[in-house]
Amino acid sequence: MPADRALSRRIVTLTMNPALDITTSVGVVRPTDKLRCSATRYDPGGGGINVARIAKVLGSPVLAVFPAGGSHGGLVTTLLGEAEVPFLQIPIAAQTRESFTVNETSTGQQYRFVLPGPELNTFEQEQCLEELRAAAQAAEVVVASGSLPPGVPADYYQRVADICRELGVKLILDTSGGGLQHISSGVYLLKASVRELRECVGRRLATESEQLAAAHQLIDSGHAQVVVVSLGSYGALLATRHASQRFPAVPMRSGSGVGAGDAMVAAITVGITRGWPLTKSVRYGIAAGAAMLMTPGTAVFERVDVERLFELVTEPAEVGPNDFAAKA
């Protein structure tokens, strides 16, 4: 549903490279052969859009801001409207990308094909920032999530951080590559996988102590106030200026990991807007990420599943400074 500008939104998400997510399955993936697939599932996708969809399911007022064009962009907005997720679309000339996921039923393996996305011209990029600035004035938290499309400069998310700082709005960032490496300040919470953290600091980060040292390096240098490192089936790490904590995962049967990281970000953000402590918010994020393993493609879970799993996420363990400081 297109946004009503009169409505206040506690969470605003920005997705610079949205996608039409297509999911199907096949018995065996083989080269050359024609593969007879099952019926396809279509979902609106891209980091910030996924965060917005999940935040709405969790009961939080939210607005998704994103550029979109062509028939794929039209389907993304139609699907968001059907899900009753408020959105603000910035029209672009090029076609919104597709992302394609194939589940191999004979092995349980998943194959994910991610396309680069359309090229945005300078006017379209500036329009996104202007619309974000207007929307963020009624927000408590902005979540910028996902990759940057071709043509968008690598320091674009730093410009987003500058806007949030000017407005006094917390920025939660979940990205990778150049978009992450060119952030220098203004991020409240950075969520990163080990791979993304490795790209950012340029080290291997083979151990937990090295990962925490890298997280604290980003905090000490002013890049972010808080860093959450997602570890998949091993849980998560939380680093703040004065503490480090290790969170266990929820034991789950294997399932589709598509959207689990976005679910984690969404639930952490919802917890923050509820005034929860960071540790409780991260526990909620772990529960939401686990709940996504129960859904097909990037379909959103039921809220009751998150609340049930939330009860299973135990309190974190403190990690002393001596456990990681030597690796800094």
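This one's a predicted model, so the numbers in the text were calculated from it and none came from an experiment.

Caption draft 1: Up close: a nonpolar patch on the surface. Together, Val 29, Leu 35, Phe 100, Tyr 111 and Phe 113 give the surface a local cluster of nonpolar side chains, amounting to about 390 Å² of exposed area. According to the relative accessible area criterion, Phe 100 is partly exposed, its value standing at 32%.

Caption draft 2: Structural view of helix α7 (residues 208-220). Over its 13 residues, α7 extends 18 Å from the first C-alpha to the last, a length consistent with the 18 Å expected when each residue adds 1.5 Å. Where α7 is concerned, the buried positions are Ser 209, Gln 211, Leu 212, Ala 213, Ala 214, Ala 215, His 216, Leu 218 and Ile 219. Considering only its buried residues, α7 is in contact with β10 (187-193), α6 (194-201), β11 (224-230), β12 (236-239) and β13 (244-247). Once α7 ends, the next one or two residues include Gly 222, with phi positive near 90°.

Caption draft 3: Structural context of helix α1 (residues 47-57). By the criterion of burial, α1 is predominantly enclosed, with 9 of the 11 residues buried. Those residues of α1 that sit buried are Gly 47, Gly 48, Ile 49, Asn 50, Val 51, Ala 52, Arg 53, Ile 54 and Ala 55. Tucked into the core, α1 has its buried residues touching β1 (11-14), β3 (41-45), β4 (62-68), α2 (70-82), β8 (141-145) and α8 (260-273).

Caption draft 4: Representation of the pattern of salt bridges within the structure. Using the criterion set out here, one finds 14 salt bridges in the structure. For Arg 53, the salt bridge identified is with Asp 43, shortest N-O distance 3.6 Å. With a gap of 10 residues between them, Arg 53 in helix α1 and Asp 43 in strand β3 connect regions that are remote in the sequence. Residue Asp 43 is classed as buried on the basis of its relative accessible area of 3%. Between Arg 308 and Asp 305 there is a salt bridge; the shortest N-O distance is 3.8 Å. You can see Arg 308 and its partner Asp 305 sitting in helix α10 (residues 303-310), 3 residues apart, about one turn around the helix. The partly exposed category is assigned to Arg 308, whose relative accessible area is 44%. Note on Asp 305: relative accessible area 19%, which makes it buried. If you follow the salt bridges from partner to partner, you end up with Arg 41, Asp 43 and Arg 53 in one network.

Caption draft 5: Seen up close, the packing of α6 against α7. At a closest axis distance of 10 Å, the pairing of α6 and α7 adopts a crossing angle of 55°. By the angle class used here, α6 and α7 are oblique. Crossing geometry of α6 relative to α7 is assigned as left-handed. Contact residues: Val 194, Leu 197, Cys 200 and Val 201 in α6; Gln 211, Ala 214, Ala 215, Gln 217 and Leu 218 in α7. Across the contact of α6 with α7, the residue classes tally to 7 nonpolar, 2 polar and no charged.

Analysis parameters
Residues numbered from 1 in each chain as written. Predicted model: local features only at pLDDT ≥ 70, side-chain atom pairs only at ≥ 80, totals over all residues. Heavy atoms only, no water. Patch = residues over 30% accessible without salt bridge, like charges linked within 9 Å, V, L, I, M, F, W, Y side chains within 5 Å. Areas by Shrake-Rupley, 256 points an atom, 1.4 Å probe, with all protein chains shown as cover. Salt bridge = Lys/Arg side-chain N within 4 Å of Asp/Glu carboxyl O. Buried < 20%, exposed > 50% of the residue type's maximum accessible area, 1.4 Å probe, protein only. Helix = DSSP H or I, 4+ residues; strand = E, 2+ residues; numbered from the N terminus. Expected span 1.5 Å × (residues − 1). Contact = heavy atoms within 4.5 Å. Axes fitted to C-alpha atoms, helices over the stretch in contact; angles between N-to-C directions. Parallel < 35°, antiparallel > 145°, perpendicular 65-115°, else oblique. Left-handed = near helix turned anticlockwise from the far one by under 90°. Nonpolar A, V, L, I, M, F, W, Y, C, P; charged D, E, K, R; others polar.

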